[in-house]
Amino acid sequence: MPFKPIRLIWTERNISHIAKHGVSVKEVEEAIRDRYAIVLKHKCRYALIGSALGRILFIVLEKINDEFYVVTARDANRKEKKRYKKMKKS
């Protein structure tokens, strides 16, 4: 289940970090709106596996008050892609 509309926190640091993984701000914002996205919660962090512009991404978000800081984003690994595709089929 994707997130409800949320506000992401973007800084030079996290934009630069995701760029090192070849991921853009636009891709992250699209992936969090993916209706097939898988969301996992651990303490105040969330991991999301979602699709954006033809790619399946793994994104880590940290909740800060009512906003979410993008910790990292990268291409999903084989296991994560398999999990996403299985969820999308069901």
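Everything here concerns the structure above.
The structure reproduced in this document is the subject of the present report. (Residues numbered from 1 in each chain as written. Predicted model: local features only at pLDDT ≥ 70, side-chain atom pairs only at ≥ 80, totals over all residues. Heavy atoms only, no water.)

### Examining the overall build of the protein
Inference 1: Counting its secondary structure elements, the protein contains 3 helices and 5 strands.
Inference 2: Secondary structure elements of the protein, listed N to C terminal, follow the sequence β-α-α-β-β-β-β-α.
Inference 3: The C-alpha radius of gyration computed for the protein amounts to 12 Å, which stays within 12% of the reference 12 Å derived for 90 residues, consistent with globular compactness.
Inference 4: By principal-axis analysis of the C-alpha atoms, the protein measures approximately 35 × 25 × 20 Å.
Inference 5: Buried positions account for 38% of the 90 residues belonging to the protein.
Inference 6: Taking the intrachain contacts of the protein between residues at least 6 apart in sequence as the baseline, contacts between residues at least 24 apart amount to 48%. (Helix = DSSP H or I, 4+ residues; strand = E, 2+ residues; numbered from the N terminus. Rg over C-alpha atoms; globule rule 2.2 N^0.38 Å. Buried < 20%, exposed > 50% of the residue type's maximum accessible area, 1.4 Å probe, protein only. Contact = heavy atoms within 4.5 Å.)

### Quick look at the nonpolar core
Inference 1: Of all hydrophobic cores here, the largest spans 16 residues; its most connected members are L8, V28, I59 and L61.
Inference 2: When residues of this core are traced back to their parent elements, those giving at least two are α2 (25–31), β3 (45–52), β4 (55–64) and β5 (67–75).
Inference 3: Apart from residues lying up to four places away in sequence, V28 is in contact with L8, W10, I18, V23, L57, I59, V70 and A73.
Inference 4: In terms of nonpolar packing, the next biggest core, distinct from the first, is built from 8 residues, I38, A47, I49 and I56 among them. (Core = buried A, V, L, I, M, F, W, Y, C linked by side-chain atoms within 4.5 Å.)

### So, the pairing of β5
Inference 1: Judged from the 3 bridges that link them, strand β1 (residues 7–9) and β5 form a sheet pairing that is parallel. Across the sheet, residue I9 finds its bridge partner in β5, namely Y69.
Inference 2: Pairing between β4 and β5: 8 bridges, direction antiparallel. When the sheet's bridge partners are listed, V60 is paired in β5 with T72. (Pairing = 2+ DSSP bridges.)

### Here we look at the pattern of salt bridges
Inference 1: By the definition in use, this model includes 5 salt bridges.
Inference 2: R55 is the partner of E27 in a salt bridge, and the nearest nitrogen-oxygen pair spans 2.9 Å. Here E27, found in helix α2, pairs with R55, found in strand β4; they are 28 residues apart in sequence, far enough to count as distant.
Inference 3: Of the charged contacts in the structure, one is a salt bridge between R55 and D75, with a shortest N-O distance of 3.0 Å. Note that R55 is positioned in strand β4 and D75 in strand β5, a separation of 20 residues in sequence. (Salt bridge = Lys/Arg side-chain N within 4 Å of Asp/Glu carboxyl O.)

### Regarding the packing of aromatic side chains
Each pair of aromatic rings is reported with the distance of its centres and the angle of its planes.
Inference 1: Across all of its chains, the model carries 1 aromatic pair by this definition.
Inference 2: Arranged with centres 5.5 Å apart and planes meeting at 70 degrees, the rings of Y46 and F68 form a pair that is edge-to-face. Here Y46, found in strand β3, pairs with F68, found in strand β5; they are 22 residues apart in sequence, far enough to count as distant. (Phe/Tyr/Trp six-rings, centres within 6.5 Å; stacked < 30°, edge-to-face > 60°.)

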